[in-house]
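For reference, the chains in residue letters:
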Amino acid sequence: MSKDPLRDLSQISGIGFTLVSYVLVFTGGGYLLDRLLHTDPWLMVAGVFVGAALGFFFMIRALTAAGRADRDAGEEDEDDTGAA
């Protein structure tokens, strides 16, 4: 967590928005392909699963990057206080 709570809130809400948008985009794409190819509802169902998988993948990736950045920032703070 950073010292700015609004920054943390924006990062968390951005991650949630990304997850939802992946699911919606891939579900919509599957729905359109189902209508075009007359394969109701299989491509839409596949779109839900693909969108959820990609959404969770990028969510985990963003969370691990944020955790790594927080850990690195914590180590820098310790180095600054230890030198004084």
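So, how was this worked out
- Residues numbered from 1 in each chain as written.
- Predicted model: local features only at pLDDT ≥ 70, side-chain atom pairs only at ≥ 80, totals over all residues.
- Heavy atoms only, no water.
- Patch = residues over 30% accessible without salt bridge, like charges linked within 9 Å, V, L, I, M, F, W, Y side chains within 5 Å.
- Areas by Shrake-Rupley, 256 points an atom, 1.4 Å probe, with all protein chains shown as cover.
- Salt bridge = Lys/Arg side-chain N within 4 Å of Asp/Glu carboxyl O.
- Helix = DSSP H or I, 4+ residues; strand = E, 2+ residues; numbered from the N terminus.
- Buried < 20%, exposed > 50% of the residue type's maximum accessible area, 1.4 Å probe, protein only.
- Contact = heavy atoms within 4.5 Å.
- Lys, Arg positive; Asp, Glu negative; His and termini not counted.
- Polar contact = N/O pair within 3.5 Å; in protein donor to acceptor, adjacent residues only side chain to side chain.

Enquirer: Could you give an account of a nonpolar patch on the surface, with specific residues and numbers?
Expert: Where nonpolar side chains cluster on the molecular surface, the patch consists of Val25, Phe26 and Val50 and spans about 240 Å² of accessible area. The topology assignment puts Phe26 in helix H1 (residues 5–37).

Enquirer: Could you give an account of the side chain of Thr27, with specific residues and numbers?
Expert: Tracing the backbone through its elements, the reader meets Thr27 in helix H1. Look at Thr27 and you get buried, because its relative accessible area is 17%. Residues in contact with Thr27, not counting those within four places in the same chain, are Met44, Gly47 and Val48.

Enquirer: Describe the side chain of Asp34, with residues and values.
Expert: Within the secondary structure, Asp34 is located in helix H1. Buried within the structure, Asp34 lacks any salt-bridge partner; Arg35 is the closest side chain of opposite charge, at an N-O distance of 9.1 Å. Polar contacts involving the side chain of Asp34 include one to the main-chain amide nitrogen of Met44, which spans 2.9 Å. Ignoring anything within four residues of it in the chain, the contact list for Asp34 reads Thr39, Asp40, Pro41, Trp42, Leu43 and Met44.

Enquirer: Describe unusual backbone geometry, naming the residues involved and giving the relevant values.
Expert: Cis geometry is adopted by the peptide bond preceding Pro41, which originates at Asp40 and carries an omega value of -15 degrees. Summarising the element assignment, Pro41 is placed in the loop between H1 and helix H2 (42–82). You will see that His38, though not glycine, has its phi angle at about 55 degrees, which is positive. With respect to the element layout, His38 can be found in the loop between H1 and H2. For His38, a relative accessible area of 70% gives the class exposed.

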